[in-house]
Amino acid sequence: MNSRKKISVIGIGNLLMGDDGVGIRVVEVLKHEELPSNVSVFDGATRAFDVLEYMEGRDKAVIVD
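For clarity, every value in this text was computed on a predicted model and none was experimentally measured.

Asker: Any chance you could explain the sheet that holds strand S2 (residues 39-45) here in plain terms?
Answerer: Hydrogen bonds between backbone groups are what pair the strands of a sheet, and the pairing can be parallel or antiparallel. The strand order S2-S1-S3 describes an open sheet built from 3 strands, whose pairing is parallel. The sheet terminates laterally at S2 and strand S3 (60-64), the two strands that pair on one side only. The mean inter-strand angle of the sheet, taken between neighbouring strand axes irrespective of direction, is 20°. Pairing of strand S1 (residues 7-12) with S2, which is carried by 6 bridges, proceeds in the parallel orientation. In the sheet register, Ile7 faces S2, and the bridge partner there is Val39.

Asker: Can you help me understand the side chain of Ser8 in this one?
Answerer: Structurally, Ser8 is set in strand S1. In this structure the side chain of Ser8 is engaged in a polar contact, spanning 2.7 Å, whose partner is the backbone oxygen of Tyr54. Those residues in contact with Ser8, other than ones at most four positions away along the chain, are Ser40, Phe42, Tyr54, Arg58, Lys60, Ala61 and Val62.

Rules behind the numbers
- Residues numbered from 1 in each chain as written.
- Predicted model: local features only at pLDDT ≥ 70, side-chain atom pairs only at ≥ 80, totals over all residues.
- Heavy atoms only, no water.
- Pairing = 2+ DSSP bridges.
- Helix = DSSP H or I, 4+ residues; strand = E, 2+ residues; numbered from the N terminus.
- Axes fitted to C-alpha atoms, helices over the stretch in contact; angles between N-to-C directions.
- Polar contact = N/O pair within 3.5 Å; in protein donor to acceptor, adjacent residues only side chain to side chain.
- Contact = heavy atoms within 4.5 Å.

Functional significance is not addressed by these values, which are geometric in nature.
The following block contains the structure:
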């Protein structure tokens, strides 16, 4: 059994607003990295309430905004 905690990294923001798109840019970079199998990366864009589903069943969530 895998005892590592399940982690979500969620980037949120708006690319059209310049520095408000930092979370999205971080997610774009992480999606090209070799991450541990217990880490999932999601692009939440500007849908603040929709990101709750990305946290479901996870032990921890890191939100980058």
